[in-house]
Amino acid sequence: KQEVTQIPAALSVPEGENLVLNCSFTDSAIYNLQWFRQDPGKGLTSLLLIQSSQREQTSGRLNASLDKSSGRSTLYIAASQPGDSATYLCAGPVTGANSKLTFGKGITLSVRP
Amino acid sequence: GAVVSQHPSRVICKSGTSVKIECRSLDFQATTMFWYRQFPKQSLMLMATSNEGSKATYEQGVEKDKFLINHASLTLSTLTVTSAHPEDSSFYICSAPDPGLAGDEQFFGPGTRLTVL
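### Looking at the side chain of A:Gln38
Looking at where A:Gln38 falls in the secondary structure, it is placed in strand S4 (residues 32-38). Residue A:Gln38 is classed as buried on the basis of its relative accessible area, which comes to 8%. In terms of polar contacts, A:Gln38 uses its side chain to reach the backbone carbonyl oxygen of A:Lys42, at 2.7 Å. Excluding residues within four positions of it along the chain, A:Gln38 makes contact with A:Gly43, A:Leu44, A:Ala86, A:Thr87, A:Leu89, B:Gln38, B:Leu44, B:Phe91 and B:Ile93.

Given below as structure tokens:
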């Protein structure tokens, strides 16, 4: 059974800082890994998806990497802004397309002006 | 990215009533949709997998007779909470993978806040 861990549960940084959010998973047979953002009381917004054959994906100030052998993924946020404050979740299906996502508990990020 | 909608966004009902929540994929066809429940300050818990044209698959501990799922078309899945009780109050979110995108990226609806009085 896939288990996804995100540590720490909460993070507070000053504006402008570069930061790394970590995600670890137990089953290396991960099909892909997605990073999501959730604002309070809202649904999830897909940020980046890394397929099992890829090692990283970039979108704007965000860069996500995937190392299946070590069971780790990181989300790098460059030049953080107060608008980046949200909960960030990672998740991935194990067996392939259309299989259910296993979520970490998320990291609640607060970027101080 | 693809868009998934949910209706209603918020519902308040009396204990014992049934509530239907709709999940629609607006610009793609979804043979599979997923239903999650999220309690305050907790992560998403998968409740069931909704399969178009066949029965839903429920996760362990989820009562299929209480949480009825119907996936009648390739763009619509419904979750009905029957005889709702206060402990069913939660944030319900659906998702669907877009088969037209590499890696079947999943997209989530905005969620439905259910409050049972």
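Let's pick the thread back up.
### A word on the interface of chain A and chain B
How big an interface is tends to be stated in terms of the accessible area lost upon association of its parts. Each partner contributes to the interface: chain A provides 21 residues, whereas chain B provides 22 residues. Note on chain A versus chain B: buried area summed over both sides is about 1,600 Å², and carbon and sulfur give 53% of it. Our enumeration of links across chain A and chain B arrives at one salt bridge. A salt bridge links B:Glu59 to A:Lys100, with the nearest nitrogen and oxygen atoms 3.0 Å apart. Contributions of two or more residues to the side of chain A that touches chain B are made by S4 and strand S5 (44-51) of chain A. Partitioning the side of chain A that touches chain B into residue classes produces eight nonpolar, ten polar and three charged.

### Some remarks on the pattern of salt bridges
All names here are of chain A. By the definition in use, this model includes five salt bridges over all chains. Here Arg37 makes a salt bridge to Asp39, at a shortest N to O gap of 3.1 Å. Arg37 sits in the buried class, given a relative accessible area of 17%. Owing to a relative accessible area of 26%, Asp39 belongs among the partly exposed residues under this scheme.

### Some details on the environment of B:Ile12
Residue and element names in this part refer to chain B. Relative to the assigned elements, Ile12 resides in strand S2 (residues 10-13). The exposure class assigned to Ile12 is exposed, which follows from its relative accessible area of 56%. For the pair Ile12 and Gln42, spaced 30 residues apart in sequence, the C-alpha separation works out to 21 Å. When residues no more than four places from it in sequence are discounted, the contact partners of Ile12 are Thr115 and Leu117.

### Notes on the pairing of S2(B)
All names here are of chain B. Residues Val11 and Cys13 point to one face of S2 and are all buried, whereas Arg10 and Ile12, pointing to the other face, are not buried. Pairing analysis gives four bridges linking S2 to strand S11 (residues 112-116), with the strands arranged parallel. Paired with Val11 across the strands is Leu114, a residue of S11.

### Some points on the packing of aromatic side chains
If you walk through the whole model with that rule in mind, you get six aromatic pairs over all chains. Ring centres of A:Phe36 and A:Phe103 lie 5.7 Å apart, and the angle between their planes is 40°; this geometry places the pair in the tilted category. On the criterion of sequence distance, the pair formed by A:Phe36 in strand S4 and A:Phe103 in strand S10 (residues 102-103) is long-range, its members being 67 residues apart. Taken individually, A:Phe36 and A:Phe103 each receive the classification buried, so the pair is uniform in this respect. Between A:Phe103 and B:Tyr36, the ring centres sit 5.6 Å apart and the planes meet at 90°, which makes this aromatic pair edge-to-face.

### Focus on the sheet that holds strand S8 (residues 72-77) of chain A
All names here are of chain A. Taken together, the five strands give an open sheet; going across it, the order is S1-S3-S8-S7-S6, and neighbouring strands pair in antiparallel fashion. Each of the sheet's edge strands pairs with one partner strand only, and the pair in question is strand S1 (4-5) and strand S6 (56-59). Note: strand S7 (residues 62-67) against S8, six bridges, orientation antiparallel. For Ala64, the partnering residue across the bridge sits in S8 and is Leu75.

### A short note on the nonpolar core
Among the nonpolar cores identified, the biggest contains 26 residues, and B:Val4, B:Trp35, B:Phe67, B:Leu79, B:Tyr92 and B:Leu114 are the most heavily contacted of them. Mapped by element, the contributors of at least two residues to this core are S2, strand S3 (19-25), strand S4 (32-38), strand S5 (44-51), strand S7 (67-73), strand S8 (76-81), strand S9 (90-97) and S11 of chain B. The residues touching B:Leu79, leaving out its near neighbours within four places in the chain, are B:Val19, B:Lys20, B:Ile21, B:Trp35, B:Phe67, B:Leu68, B:Ile69 and B:Tyr92. If you look at the next biggest cluster of nonpolar residues, it comprises 22 residues, including A:Val4, A:Ile30, A:Ala86 and A:Val111.

Criteria and cut-off values
The numbers attached to residues start from 1 for each chain and follow its sequence in the written order. Chain letters start at A and ligand numbers start at 1, both assigned in the order the entries are written. For a predicted model such as this one, the threshold for reporting local features is a pLDDT of at least 70, and the threshold for listing and counting side-chain atom pairs is 80 or more; totals across whole chains, interfaces and linings nevertheless cover every residue. Just so you know, side-chain values use all the structure's heavy atoms and leave hydrogens and water out. Segments assigned H or I by DSSP are reported as helices when at least four residues long, segments assigned E as strands when at least two residues long, and all are numbered from the N terminus. We call a residue buried when its accessible area falls under 20% of the maximum for its residue type, exposed when it is over 50%, and partly exposed in between, using a 1.4 Å probe and counting protein chains only. Distance and chemistry together define a polar contact, namely a pair of N or O atoms within 3.5 Å, with one atom able to donate a hydrogen and the other to accept it when in protein, and with adjacent residues in sequence counting only for side-chain atoms on both sides. Any pair of residues with heavy atoms lying within 4.5 Å of one another is described as a contacting pair. We define buried area as the total accessible area lost by two parts upon association, computed with a 1.4 Å probe and summed across both. Salt bridge, as applied in this entry: a Lys or Arg side-chain nitrogen positioned within 4 Å of an Asp or Glu carboxyl oxygen. Any residue outside Ala, Val, Leu, Ile, Met, Phe, Trp, Tyr, Cys, Pro, Asp, Glu, Lys and Arg is labelled polar, Gly included; the first ten of those are nonpolar and the last four are charged. At least two bridges found by DSSP between two strands are what make those strands a pair. Each Phe, Tyr or Trp ring, with Trp reduced to its six-membered ring, pairs with another whose centre is within 6.5 Å; inter-plane angles below 30 degrees give stacked pairs, above 60 give edge-to-face pairs, and intermediate values give tilted ones. Joining through side-chain atoms within 4.5 Å is the link that ties buried Ala, Val, Leu, Ile, Met, Phe, Trp, Tyr and Cys residues into a set, and such a set is a nonpolar core.

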